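Now for the letters of each chain:
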Amino acid sequence: MSDAAQGEPSQHEVFRTPFKVQPKLEKWPTPDQQREYPGGKDLPDQLTVWRVQNSGKDYGSVVSMGYGFGDSPDAEILTVGYAPGKPPGSAGVSRHGNFLQWGFSSPPAQMTDAGKAFFLNCIVYVHKFDGKRPLIHVQSSDRTYAVYLIGIMDRFNDPQFGARIVGSDLAKQYADKAKDLAALYLQQIELVYCDGQGQFIIDKQLQDLGITSNRKVEMLDKLVNLLGQPPYADAAQQALQRYTGLSLNTPQRWQQWLTANRPRLFFSDVGGYKFFVIPEGYLVAPSFR
Amino acid sequence: MKSIALWPLAACLMSLLMPSAGARGQTDQKLNLSIFYAGHPGSAREADFLQFLNSHFTHVDSGDLAKFDGSQAAKGDVVLLDYDGEAIDVMQHGPRPALPGNYSRPTVTIGVVGGLICNQLRLKTGYM
């Protein structure tokens, strides 16, 4: 990452309290490399940035993967970093649970005034998350990035790369037409999941059950309902186990679990393509001061 | 109409009243938090961070990142994990503190070493 954050400071409290972050905005050219990534084609010619530090280098700071960052309520990107070569939307400063990663590498003497204010606000902000450990841990790439990887699997020198992410049969079949395979995955992106071996799969079982998305709570309702219909009960039970990590053994118990947890359910690709339950009292209310 | 016309003036006054950490004119009062900074003892980077933190927080303590195991976190309301050196050196030789699974203190991880620590903990904030 360069010395700059990308995008104007948002209304998030981390830009307002206790110090107002008032950066000098600049326009920098959109890195050509970013256009290859998902979401890159639509970027404008220039990006709004502001200097957080003056290291005199255009490298040395670090970003985190932006795709899938927001798929769990324990994580948030506080600012994107201007990072040529990295996908658009990569996180320059971000939080996951009680950890806040400040991706900029310079010490305070090299921070701009706005950078200092932002850094101090980050310290104050993360204090609100005492005891709030992350709800999920990184198990996989999110589906958007997975489809991107499938589309470029024929560009990797490692011949096993394709087999690792889609299985050896598909990798062989689409060895020189990876983009076609990616297009197939993209058509069914709502049904993509990652199995225990790290391979991305289109969930044909859900498709056969008439379900169109594996990340909506409505899927759980439908699966629980199908448990009572003998021709579909086994497939529904398997899918419920796959997407919750639970192995409840009666339709009634599944229904009780769903009813009790419905308002606090979320689905995370990054966390392993599963539903998780937000513990009572976990979420921290934002400050509107 | 009157209230609309007064908005720009009110906004200017508000911005003058808001404290800004970077410029002078920021709050004279220190922030009421204790900070534990774990970095590279004796380095210029550590000295810079400690001077800055001491000027903004009521209490600042420090230690060695290489020896940080989570127990020192009790010394601060917020913990900062940092290290000096070029990115490639930090990647190859920087310390990697092992935190206990139940570690839950508010923590700011900084720069390359911070991203690597987050990778180790399988956090979304890890180094890409």
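Colleague: Sorry if this is basic, but what is going on with the overall build of chain A here?
Modeller: Helix and strand content of chain A: nine helices and ten strands. If one aligns the C-alpha atoms of chain A with their principal axes, the spans along those axes are about 65 × 50 × 25 Å. The long-range fraction of contacts in chain A, counting pairs at least 24 apart against all pairs at least 6 apart in sequence, stands at 63%. Across chain A, the mean location of the 30 positive side-chain charges is 4 Å away from that of the 29 negative side-chain charges.

Colleague: Looking at this structure, how should I read the overall build of chain B?
Modeller: Each helix and strand in chain B was counted, giving four helices and four strands. From first element to last, N terminus to C terminus, chain B shows the α and β order α-β-α-β-β-α-β-α. Buried positions account for 48% of the 128 residues belonging to chain B. For chain B, restricting intrachain contacts to residue pairs at least 6 apart in sequence, the fraction spanning at least 24 positions comes to 70%. Total accessible area computed for chain B in this model is approximately 6500 Å², and 58% of it derives from carbon and sulfur atoms.

Colleague: Where do I start with the layout of surface pockets in this structure?
Modeller: Where empty space is left becomes clear once a probe the size of a water molecule has been rolled over the atoms. All names here are of chain A. Estimates place the volume of the largest pocket at around 420 Å³. Together, 18 residues line the largest pocket, and Glu36, Tyr37, Pro38, Lys41 and Tyr148 are the ones closest to its centre. Along the lines of polarity and charge, the residues of the lining of the largest pocket split into nine nonpolar, four polar and five charged.

Colleague: Just to check I follow, could you spell out the packing of helix α1 (residues 113–126) of chain A against helix α2 (residues 44–56) of chain B for this structure?
Modeller: Where α1 of chain A meets α2 of chain B, the closest approach of the two axes is 12 Å, and the angle between their N-to-C directions is 70°. Relative to α2 of chain B, the element α1 of chain A lies roughly perpendicular. Residues Lys116, Phe119, Leu120 and Ile123 of chain A of α1 of chain A touch α2 of chain B, and the partners they reach there are Phe49, Phe52, Leu53 and His56 of chain B. By residue class, the composition of the contact of α1 of chain A with α2 of chain B is six nonpolar, one polar and one charged.

Colleague: Explanation requested: the interface of chain A and chain B in the structure shown.
Modeller: One frequent convention defines the size of an interface as the accessible area lost when the parts assemble. On the side of chain B, 48 residues touch chain A, which itself brings 56 residues to the contact. Summing the contributions of chain A and of chain B, the shared interface buries around 4100 Å²; its carbon and sulfur component is 66%. The three residues of chain A that bury the most area against chain B are Phe19, Phe99 and Ile123 of chain A, which together make up 16% of that side's buried surface. Counting the contacts that link chain A with chain B gives two salt bridges.

Colleague: Would you explain the pairing of strand β10 (residues 274–277) of chain A in this entry?
Modeller: Put simply, side chains in a regular strand alternate between the two faces of the sheet. Residues and elements named next belong to chain A. Note: strand β9 (residues 265–268) against β10, four bridges, orientation antiparallel. If you follow Leu265 over to β10, its bridge partner there is Val277. Hairpin connection, β9 to β10: the antiparallel pair is bridged by five residues, and Gly272 has positive phi, about 120°.

Colleague: Even after reading the chapter, I still don't get the pairing of strand β4 (residues 75–81) of chain A, so can you show me in this structure?
Modeller: Residue and element names in this part refer to chain A. By the criterion of burial, β4 is predominantly enclosed, with six of the seven residues buried. By the bridge criterion, two bridges tie strand β1 (residues 4–6) to β4 in an arrangement that is antiparallel. Each residue of the ladder has a partner; that of Gln6, found in β4, is Val80.

Colleague: Can you help me understand the state of the cysteines in this one?
Modeller: Covalent bonding between the sulfur atoms of two cysteines defines a disulfide. Scanning the model with the defined rule gives zero disulfides over all chains in all. Not part of a disulfide, Cys122 of chain A finds its nearest cysteine sulfur in Cys118 of chain B, a span of 13 Å.

Colleague: How do you make sense of the sheet that holds strand β5 (residues 91–96) of chain A when you look at a structure like this?
Modeller: In any sheet, the strands associate via hydrogen bonds between backbone groups, in a parallel or an antiparallel arrangement. Pairing is mixed across the open sheet formed by ten strands, whose spatial order is β2(A)-β3(A)-β1(A)-β4(A)-β5(A)-β6(A)-β4(B)-β3(B)-β1(B)-β2(B). Because the sheet does not close on itself, it has two edges, and the strands there are β2 (25–29) of chain A together with β2 (57–64) of chain B. Along the sheet, successive strands turn relative to each other by an average axial angle of 30°, direction set aside. Packing of α1 of chain A onto the sheet brings it into contact with β3 (46–51), β4, β5 and β6 (99–102) of chain A together with β1 (31–39), β2, β3 (78–81) and β4 (107–110) of chain B, and relative to β6 of chain A it is tilted by some 165°. Strand contacts of α2 of chain B: β1, β2, β3 and β4 of chain B, with the helix running at about 160° to β2 of chain B, the strand carrying the most contacts.

Colleague: Got a minute to help me understand the domain arrangement of chain A in this structure?
Modeller: All names here are of chain A. Segmentation of chain A into domains returns domain 1 (4–129), domain 2 (139–202) and domain 3 (215–289). The C-alpha centroid of domain 3 is placed 33 Å from the C-alpha centroid of domain 1. The partner domain 3 presents 14 residues to the twelve residues of domain 1 that form the contact. Summed over both partners, the interface of domain 1 with domain 3 comes to about 930 Å²; 52% of that surface belongs to carbon and sulfur atoms. Counting every contact that joins domain 1 to domain 3 gives zero salt bridges. Seen at the junction of domain 1 and domain 3, the total is three residue pairs in polar contact (both at pLDDT 80 or more). Its residues assigned to classes, the side of domain 1 that touches domain 3 comprises three nonpolar, four polar and five charged.

Each value, and the rule that gives it
- Residues numbered from 1 in each chain as written.
- Chains lettered and ligands numbered in written order.
- Predicted model: local features only at pLDDT ≥ 70, side-chain atom pairs only at ≥ 80, totals over all residues.
- Heavy atoms only, no water.
- Helix = DSSP H or I, 4+ residues; strand = E, 2+ residues; numbered from the N terminus.
- Contact = heavy atoms within 4.5 Å.
- Lys, Arg positive; Asp, Glu negative; His and termini not counted.
- Charge placed at Lys NZ, Arg CZ, Asp CG, Glu CD.
- Buried < 20%, exposed > 50% of the residue type's maximum accessible area, 1.4 Å probe, protein only.
- Areas by Shrake-Rupley, 256 points an atom, 1.4 Å probe, with all protein chains shown as cover.
- 1 Å grid on protein atoms, 1.4 Å probe; cavity = no way out; pocket = protein on both sides within 12 Å on 5 of 7 lines; lining within 4 Å.
- Points joined across faces, edges and corners; volume = space filled by probe spheres on them.
- Nonpolar A, V, L, I, M, F, W, Y, C, P; charged D, E, K, R; others polar.
- Axes fitted to C-alpha atoms, helices over the stretch in contact; angles between N-to-C directions.
- Parallel < 35°, antiparallel > 145°, perpendicular 65-115°, else oblique.
- Buried area = accessible area lost by both parts, 1.4 Å probe.
- Salt bridge = Lys/Arg side-chain N within 4 Å of Asp/Glu carboxyl O.
- Pairing = 2+ DSSP bridges.
- Disulfide = S-S within 2.5 Å.
- Domains from an automatic or database assignment.
- Polar contact = N/O pair within 3.5 Å; in protein donor to acceptor, adjacent residues only side chain to side chain.

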